[in-house]
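Fold and geometry: a report
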Amino acid sequence: MTASDTASYLYAVAHAPLPDEALTGVAGVHEGPVRTVAEGTLAAVVQSVPREEFGPEALERRLGDIAEVERLVRAHHRVVQAVGAGTAVVPMRLATLYADDDGVRRVLQDEAGRLDAALARITGRAEWGVKAYGPPRTGRGRSAAADGGTGPGAGREYLLRRRAERAEAERAHAELLESVVELDADLRAVADDVRHLPPRPTPGAGDAADGETNVLNASYLVAHERTDAFGAALARWADSRLRLDVGGPWVPYSFTAPEEGSDSGGAFP
C-alpha cells in the first residue's frame, strides 16, 4: 500500500521515547506493525490501515456489526495494554483515525499541554473498578388473604403490618447507603482520584445476583505503592452486607478523558 492508500489509526499517547519492546509483536486492528510517531516529548502509538476498510462508510458498516466491534475493541485494548504495561499512556477512543502521520503530529502539537497533564496525573498509577451490591430490598407485600387473614380486622392488621415492613425496609436501605458512603470514603482516602459511574441495571444484569441492587459503581486511581493499602481498605468490608466486585489494575481509561466542557470529543481525537 502507498501512503495515499492508508490512514493513521491512533491507539494511545505516551511520553517519548517508548521502549522498542513495548510494541514488539503486538497485533493491532489490522495486519502490519504498530509503531510510534513522535512530536516533542510525546509519542503516538499508531498503525497504518487501508482507507478502503477504515474510511467513513466502511467504518460505519463495521461498527454496525457486533462481532466486528468486539474484535476491534479487543485489538484496540490489546495495544493500549501492551504500551501501558511499561509506561503511563493516554488511551484514544476506538477508531480514532487521521489522514496521515502529519495529522497525528498536529494533534500532539495542539493537545500537548492537555496530554502532558493527563500523563502526569496517571504516571505510577492504575485504575481499579469497584462495584458494591446490596441484598434485595424487602417489604414487597402480599395480600391479606395470602397472609391468612380474612376475618374482621384482618385488613387493618395487614395494613399495619405492611406499614411496619416498609418502614423496616427503608431503615435497612438507609443503613446500606450509609455503608456505601463509608466504603467510598475509605477507598478515596487511599486513592488519588475517583470517578463515580451510573449504577448497573438490576436485577439480573451483568454480574449482579438475582434481586441484588448495585449501590456503588466507581473507578479509583491508585498509586502503585498504595495497592496494598487499597486492598486492605477493601478487605475491611469483606464481612459487611455489601458484596464487592473488584477489577484491576487497568490502564487508567477513566482518568485521561478531557474535562467536561472541553471542545475535544472523547479522549483527544
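The structure contained in this document is the topic of the report that follows.

**Some thoughts on the overall build of the chain**
Within the chain, the secondary structure is distributed over seven helices and eight strands. Residue pairs in contact within the chain that sit at least 24 positions apart in sequence constitute 76% of those at least 6 positions apart. When the accessible surface of the chain is split by element, carbon and sulfur atoms take 52% of a total near 14500 Å².

**A short note on the side chain of Asp184**
Structurally, Asp184 can be placed in helix H6 (residues 154-190). The class of Asp184 is buried, set by a relative accessible area of 12%. Here Asp184 is in contact with Val194, His196 and Tyr220, once residues within four sequence places are set aside.

**A short note on the pairing of strand S3 (residues 42-50)**
Judged by how many residues are buried, S3 sits mostly within the fold: eight of nine residues are covered. Sheet topology note: the strand S1 (residues 6-15)/S3 ladder contains nine bridges and is antiparallel. From the neighbouring strand, Val13 faces S3, where its bridge partner is Ala44. Pairing geometry for strand S2 (residues 35-39) and S3, over five bridges, is antiparallel. Within the sheet, the bridge partner assigned to Val37 lies in S3 and is Ala44. The hairpin formed by S2 and S3 contains two residues between the paired strands, and Gly40 there has a positive phi angle of roughly 65°.

**A few points about helix H3 (residues 66-84)**
Since there are 3.6 residues in each turn of an α-helix, residues three or four apart along the chain are aligned in direction. Spanning 19 residues, H3 covers 26 Å between terminal C-alpha atoms, matching the ideal 27 Å at 1.5 Å per step. Among the residues of H3, those classed as buried are Glu68, Leu72, Ala75, His76, Val79, Val80 and Val83. Down the axis of H3, the smallest arc covering the buried residues is 130°, so these residues share one side. Residues of H3 that are exposed and angled more than 90 degrees away from the buried face: Ile66, Ala67 and Arg74. Capping the start of H3, Asp65 holds a side-chain oxygen 3.0 Å from the backbone nitrogen of Ala67, two or three residues further along.

**A closer look at the sheet that holds S2**
The pairing of strands in a sheet comes from backbone hydrogen bonds and takes either a parallel or an antiparallel form. If you walk across this open sheet you meet the four strands as S2-S3-S1-S4, and the pairing is antiparallel. Edge positions in the open sheet fall to S2 and strand S4 (89-98), since each of these has one partner strand only. Between one strand axis and the next, the sheet turns through 25° on average, direction left out of account. Contacts between H3 and the sheet are confined to S1, S3 and S4, with S4 contributing the most and set at about 145° to the helix. Sitting on the sheet, helix H4 (residues 101-110) touches S1, S2, S3 and S4, and the angle it makes with S2 is about 50°.

Calculation notes
Residues numbered from 1 in each chain as written. Predicted model: local features only at pLDDT ≥ 70, side-chain atom pairs only at ≥ 80, totals over all residues. Heavy atoms only, no water. Helix = DSSP H or I, 4+ residues; strand = E, 2+ residues; numbered from the N terminus. Contact = heavy atoms within 4.5 Å. Areas by Shrake-Rupley, 256 points an atom, 1.4 Å probe, with all protein chains shown as cover. Buried < 20%, exposed > 50% of the residue type's maximum accessible area, 1.4 Å probe, protein only. Pairing = 2+ DSSP bridges. Expected span 1.5 Å × (residues − 1). Arc of directions from axis to C-beta. Polar contact = N/O pair within 3.5 Å; in protein donor to acceptor, adjacent residues only side chain to side chain. Axes fitted to C-alpha atoms, helices over the stretch in contact; angles between N-to-C directions.

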